[in-house]
Amino acid sequence: MVRDERRRVPLLAVAHGSRDPRSAAAVEALFDRVRALRPRADVRVSYLDHTSPSAGDALAALAAEGAGEAVVLPALLTAAYHSKVDLPRVLERAGEAEPWVRIRYADTLGPHSGLVAAAERRLAEAGATADPDTVLVVASAGSSDPSANATVESVAAELAARGPWREAVAAFASAARPTPAEAVAAAYARGARRVVVSTYLLAPGFFADRVREQAEAEGATAVSEALGAAPELAEIVWERYGAALAARRVPV
């Protein structure tokens, strides 16, 4: 048994949450896969908004059950406002209410090369393969945080390097440009014979629908599904968990 399982420190994942039930179903499917990798581990899922349980309620439940510490994992693809501001505020309030629970704050799922592999997996499932005549658009939700958008651009660059795509560009469903529609239209204007879109989102829902609708309206030949319960993501979760325990990081 590995050291992390022996200690049995609970893992509490915190996803964004959505009014769309497909989103929570995809998140739960991912963490079912996470549990399958370590059946003895205590793995729980919570949400920042729209879906129960909230992160605060989940932490209170752990405290009520006698947990002395927990690893909190932002189940997000990029580090932006939710992981830098929203969730730390939740953890600060939880620390005031249950000061005996020591919280280890893990990194977000991305950036990570495993996410690039998961994106390739979903593209292949959609029938999209790298080709010198095909432009790849990597479409994310978008953020007001430039570093989060830069992370998506780095994913596009890594996918381009793994090619052979004609090129790979980032697009954003909100808060930044180009939009998926703009990116697909511009790729055709530059002479691409085909354009395919990687939906670089954790789960289906509002933004994934927007990506697909915009991309298909501009003639994209394939649009992948959200990353969801791809096996690469489950592996990343345990990597982040182990790193958080090893670093013994406690948010202030």
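This text follows the structure it describes.
What counts and how
- Residues numbered from 1 in each chain as written.
- Predicted model: local features only at pLDDT ≥ 70, side-chain atom pairs only at ≥ 80, totals over all residues.
- Heavy atoms only, no water.
- Helix = DSSP H or I, 4+ residues; strand = E, 2+ residues; numbered from the N terminus.
- Buried < 20%, exposed > 50% of the residue type's maximum accessible area, 1.4 Å probe, protein only.
- Contact = heavy atoms within 4.5 Å.
- Salt bridge = Lys/Arg side-chain N within 4 Å of Asp/Glu carboxyl O.
- Pairing = 2+ DSSP bridges.
- Right-handed = clockwise from strand over helix to strand, strands pointing away.
- Axes fitted to C-alpha atoms, helices over the stretch in contact; angles between N-to-C directions.
- Left-handed = near helix turned anticlockwise from the far one by under 90°.
- Nonpolar A, V, L, I, M, F, W, Y, C, P; charged D, E, K, R; others polar.
- Parallel < 35°, antiparallel > 145°, perpendicular 65-115°, else oblique.
- Expected span 1.5 Å × (residues − 1).
- Bend = angle between axes of the 7 residues up to and from the residue.

(A) Broad picture of the environment of Val152. Summarising the element assignment, Val152 is placed in helix α6 (residues 146-162). For Val152, a relative accessible area of 2% translates into the label buried. Once you skip the residues sitting within four places of it in the chain, Val152 turns out to touch Thr78, Val138, Ser140, Ala170, Phe172 and Tyr200.

(B) Main features of the pattern of salt bridges. A full pass over the atoms with the stated rule returns 17 salt bridges. With a shortest N-O distance of 2.9 Å, Arg121 and Glu232 are connected by a salt bridge. Taken together, the residues Arg121 in helix α5 (residues 113-125) and Glu232 in helix α9 (residues 231-247) connect sequence positions 111 residues apart. A salt bridge links Arg194 to Asp131; its shortest N-O distance comes to 2.9 Å. Residue Arg194 is located in strand β7 (residues 194-199), and its partner Asp131 is located in the loop between α5 and β5 (134-140); the two are separated by 63 residues in the primary sequence. Put simply, Asp20, Arg22 and Asp209 are held in one network by salt bridges that share partners.

(C) Main features of the pairing of strand β4 (residues 102-105). Where strand β3 (residues 69-74) lies against β4, 4 bridges are found, and the strand directions are parallel. In the sheet register, Val72 faces β4, and the bridge partner there is Tyr105. In terms of handedness, the path from β3 via helix α4 (residues 81-97) over to β4 forms a crossover that is right-handed.

(D) Representation of the packing of helix α3 (residues 55-64) against α4. Two elements in contact, α3 and α4, have axes whose closest approach is 9 Å; the angle formed by their N-to-C orientations is 35°. With respect to the hand of their crossing, α3 and α4 are arranged in right-handed fashion. Two secondary-structure elements touch here, α3 through Ala55, Gly56 and Leu59 and α4 through Leu87, Val90, Leu91 and Ala94. Within the contact of α3 with α4, the residues separate by chemical class into 6 nonpolar, 1 polar and no charged.

(E) Expanded view of the packing of helix α2 (residues 21-37) against α9. Between α2 and α9, the shortest axis-to-axis distance is 9 Å and the interhelical angle comes to 60°. Relative to α9, the element α2 is oriented oblique. Judged by the twist between their axes, the crossing of α2 over α9 is right-handed. On α9, the residues touching Leu30, Phe31, Arg33, Val34 and Leu37 of α2 are Pro231, Leu233, Ala234, Glu235, Val237 and Trp238.

(F) Seen up close, α4. Over its 17 residues, α4 runs 23 Å from end to end, which matches the ideal 24 Å to within 8%, given 1.5 Å per residue. A maximum bend of about 30° is found in α4 at Leu87, where proline Pro88 lies one to four positions downstream. Against the buried residues of α4 lie β1 (11-15), α3, β3 and β4.

(G) Structural detail: unusual backbone geometry. With an omega dihedral of 0°, the bond running from Ser52 to Pro53 counts as a cis peptide bond. With respect to the helices and strands, Pro53 occurs in the loop between β2 (43-47) and α3. At the junction of Gly110 and Pro111, the peptide bond is cis and its omega measures out at 5° in the coordinates. Tracing the sequence through the fold places Pro111 in the loop between β4 and α5. Look at His50: it is not a glycine, yet its phi comes out positive at around 70°. Given a relative accessible area of 39%, His50 falls into the partly exposed group. In this model, Ala175 sits at a positive phi of 70°, which is unusual for a non-glycine residue. Considering the arrangement of structural elements, one finds Ala175 in the loop between β6 (167-172) and α7 (180-189). Judged by its relative accessible area of 60%, Ala175 is exposed.

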